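Descriptive structure summary
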Amino acid sequence: NDGSVTASPEDAYDSEYLCPVSIDGQTLALDFDTGSADLWVFSTSLPSSEQKGHTLFDPSKSTNWKALSGYKWNITYGDGSGASGTVGTDVVTVGGTSVSGQAVEIATKVSSAFVSDTANDGLLGLAFSSINTVTPKAQHTFFDTAKSSLSSPVFTADLKHRQLPGTYDFGTIDSSKYTGTITYIDVDTANGFWEFTGSGYAVGSGSFVSSSIDAIADTGTTLIYVPDAVVTAYYKQVSGASYDSSQGGYTFPCSATLPNLTLGIGSYHAVVPGQYINYSPASGSKCFGGVQSDSGIGFSIYGDVFLKSQFVIFDGSSTPRLGFAAK
Ligand SMILES: C[C@H](Cc1ccc(C(C)(C)C)cc1)[C@H](NN)c1nnnn1Cc1ccc2c(c1)OCO2
């Protein structure tokens, strides 16, 4: 029951990656999110003003739908967006991986950011089920439900830079998708995230600075959010860069040459190409950086700008771990 699904960038800046997911034959485009654990979808139960532009799941058209009476969910994301609604189970298929009895969370309310992101029909959480928001009983993620039917209890992310489709694979590690060896690092699941301790950083050809960085691997976050020491060291090497409070982050002249950012994972040095760090135009001739400060978040977030430079293994075995390889 292994599977592979395409992950298509939603826009020219790789703000998010959307994957086709079939719920009893109804196909929606979902944002696979290793930083949350709810599978929720836009639905016919939303007010019509919030439905506009989205593909909706209609439980009344599903023969395998089973409502979970009295069950509810309510999620607030770190960027302040959120959604809530009711719950049922159904057959969910991702690439070749099909599971029955998967909890599907029906949105009856979504925040404005979700309404306006019309390419996004919901999220498929791939963090640990311990942070699923369904009450009175937390539900399993798609990966947890599928795990026992996979060749091995893993999924991989091979996200691409600028306009190229990548893949999420379930159950197998495709050796044609990476070069060299895989470096594994232990994961601390206490907060429900794929959380690990990075070993340091280097900017461009500069020397490697050893420092412990408490970080999560988060496919649902666009940028890299790291400690101020890293951010300051990075933009010191970018002429014309500065923190622009009106933009809410570091910007620089779009013509600037950006140095690579190396992030240590154990003994492995993961290199993020400088051009990946020119995230998008900000205003005028300024561009917005793909590396920003993690202050206020509580941990660092290695989001898509980082993950798309690597082949990443999310190993859900009894001792969960993350694997990284160049590609
Ligand atoms: C933000 C996403 C979740 C999401 C994805 C997409 C969207 C839109 C479709 C409407 C664009 C909203 C929300 C992230 N997923 N693990 C998340 N969910 N909960 N915390 N995080 C990570 C975090 C936490 C804090 C921060 C941050 C990020 O950016 C700035 O401050």
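Bear in mind that the values here come from a model prediction, so they are computed numbers and not experimental data.

**Focus: the state of the cysteines**
One covalent bond between the sulfur atoms of two cysteine residues makes up a disulfide. Using the criterion set out here, one finds one disulfide in the structure. At a sulfur-sulfur separation of 2.1 Å, the disulfide partner of Cys 254 is Cys 287. Between Cys 254 and Cys 287, the disulfide has an S-S torsion of 105 degrees and is therefore right-handed. Of the two residues, Cys 254 is situated in the loop between strand E16 (249-253) and strand E17 (261-265) and Cys 287 in strand E20 (residues 286-289); the sequence distance between them amounts to 33 residues. The exposure class of Cys 254 is partly exposed, given its relative accessible area of 31%. Residue Cys 287 is classed as buried on the basis of its relative accessible area, which comes to 5%.

**Let's talk about the side chain of Ser 62**
Note that Ser 62 resides in the loop between helix H1 (48-51) and strand E5 (66-76). For Ser 62, a relative accessible area of 8% translates into the label buried. At a separation of 3.1 Å, a polar atom in the side chain of Ser 62 contacts the main-chain amide nitrogen of Trp 65.

**Observations concerning the sheet that holds E20**
Pairing is antiparallel across the open sheet formed by four strands, whose spatial order is E15-E16-E20-E19. Looking at the sheet topology across the chains shown, the edges are occupied by strand E15 (242-244) and strand E19 (278-281). Pairs of neighbouring strands in the sheet enclose a mean axial angle of 45 degrees, with direction left out of account.

**Brief notes about empty space enclosed by the protein**
Here the structure, examined in full by the defined rule, presents two cavities of 30 Å³ or more. The space that makes up the largest cavity amounts to roughly 40 Å³. Lining the largest cavity we find Leu 126, Ala 127, Phe 128, Thr 141, Phe 143, Asp 144, Lys 147, Trp 194 and Gly 316. A per-class count over the lining of the largest cavity returns five nonpolar, two polar and two charged. Size it by volume and the second largest cavity reaches roughly 30 Å³. Lining the second largest cavity, in full, are Tyr 13, His 161, Arg 162, Tyr 276, Asn 278, Tyr 279, Val 305 and Lys 308. Grouping the constituent residues of the lining of the second largest cavity by class yields four nonpolar, two polar and two charged.

**A closer look at the sheet that holds strand E12 (residues 195-203)**
What the seven strands build is an open sheet, ordered E18-E17-E12-E13-E22-E14-E21; its pairing is mixed. Among the strands making up the open sheet, the edge pair consists of strand E18 (268-272) and strand E21 (291-293). Each strand of the sheet is rotated relative to its neighbour by a mean of 40 degrees, with strand direction disregarded. Here two bridges tie strand E14 (residues 224-226) to strand E22 (residues 300-302), and the two strands are oriented antiparallel to one another. Its bridge partner being in E22, Ile 224 is matched across the sheet by Tyr 302. Of the strands in this sheet, E12, strand E13 (209-217), E14, E17 and E21 are in contact with helix H4 (residues 228-235), which crosses E21 at around 135 degrees.

**Overview of the site of the ligand**
Contacts to the ligand come from 18 residues, most closely from Asp 33, Tyr 77, Gly 78, Asp 218 and Thr 221. The separation between a nitrogen atom of the ligand and a polar main-chain atom of Gly 35 is 3.4 Å. Contacts to the ligand include Asp 218, whose side-chain N or O atom sits 2.7 Å from a nitrogen atom. Protein burial of the ligand: of its 640 Å² of free accessible surface, 80% is covered by the chains. Taken atom by atom, the bulk of the ligand overlaps the largest pocket. Among the elements of the structure, strand E3 (26-33) and helix H2 (112-116) are those that each provide at least two residues to the shell around the ligand. Its residues placed into classes, the shell around the ligand shows six nonpolar, six polar and six charged.

**Re the pairing of E18**
Going residue by residue along E18, you find Tyr 268, Ala 270 and Val 272 tucked away on one face and His 269 and Val 271 left uncovered on the opposite face. As paired elements, E17 and E18 share five bridges and run antiparallel to each other. Within the sheet, the bridge partner assigned to Leu 263 lies in E18 and is Ala 270. The hairpin formed by E17 and E18 contains two residues between the paired strands, and Gly 266 there has a positive phi angle of roughly 60 degrees.

**Here we look at the packing of aromatic side chains**
Summed over all chains, the structure comprises 25 aromatic pairs. Judged by centre distance (5.4 Å) and plane angle (50 degrees), the rings of Phe 193 and Phe 299 are tilted. Remark: Phe 299 occurs in the loop between E21 and E22 and Phe 193 occurs in the loop between strand E11 (183-186) and E12; sequence separation between them is 106 residues. Of the two residues, Phe 193 and Phe 299, neither departs from the other in class, the shared state being buried. Here a set of aromatic residues connected by ring pairs shows up, and it is made of Phe 32, Phe 128, Phe 142, Phe 143, Phe 155, Tyr 168, Phe 170, Trp 194 and Phe 314. The side chain of Lys 308 reaches across the aromatic face of Tyr 276, ending 5.4 Å from its centre. A cation sits over an aromatic face here: Arg 321 above Tyr 184, 3.6 Å from the ring centre.

Conventions adopted
Residues numbered from 1 in each chain as written. Predicted model: local features only at pLDDT ≥ 70, side-chain atom pairs only at ≥ 80, totals over all residues. Heavy atoms only, no water. Disulfide = S-S within 2.5 Å. Helix = DSSP H or I, 4+ residues; strand = E, 2+ residues; numbered from the N terminus. Buried < 20%, exposed > 50% of the residue type's maximum accessible area, 1.4 Å probe, protein only. Polar contact = N/O pair within 3.5 Å; in protein donor to acceptor, adjacent residues only side chain to side chain. Pairing = 2+ DSSP bridges. Axes fitted to C-alpha atoms, helices over the stretch in contact; angles between N-to-C directions. 1 Å grid on protein atoms, 1.4 Å probe; cavity = no way out; pocket = protein on both sides within 12 Å on 5 of 7 lines; lining within 4 Å. Points joined across faces, edges and corners; volume = space filled by probe spheres on them. Nonpolar A, V, L, I, M, F, W, Y, C, P; charged D, E, K, R; others polar. Contact = heavy atoms within 4.5 Å. Near = heavy atom within 4 Å. Areas by Shrake-Rupley, 256 points an atom, 1.4 Å probe, with all protein chains shown as cover. Sits in = over half its atoms within 2 Å of the grid points. Phe/Tyr/Trp six-rings, centres within 6.5 Å; stacked < 30°, edge-to-face > 60°. Lys NZ or Arg CZ within 6 Å of the ring centre and 35° of its normal.

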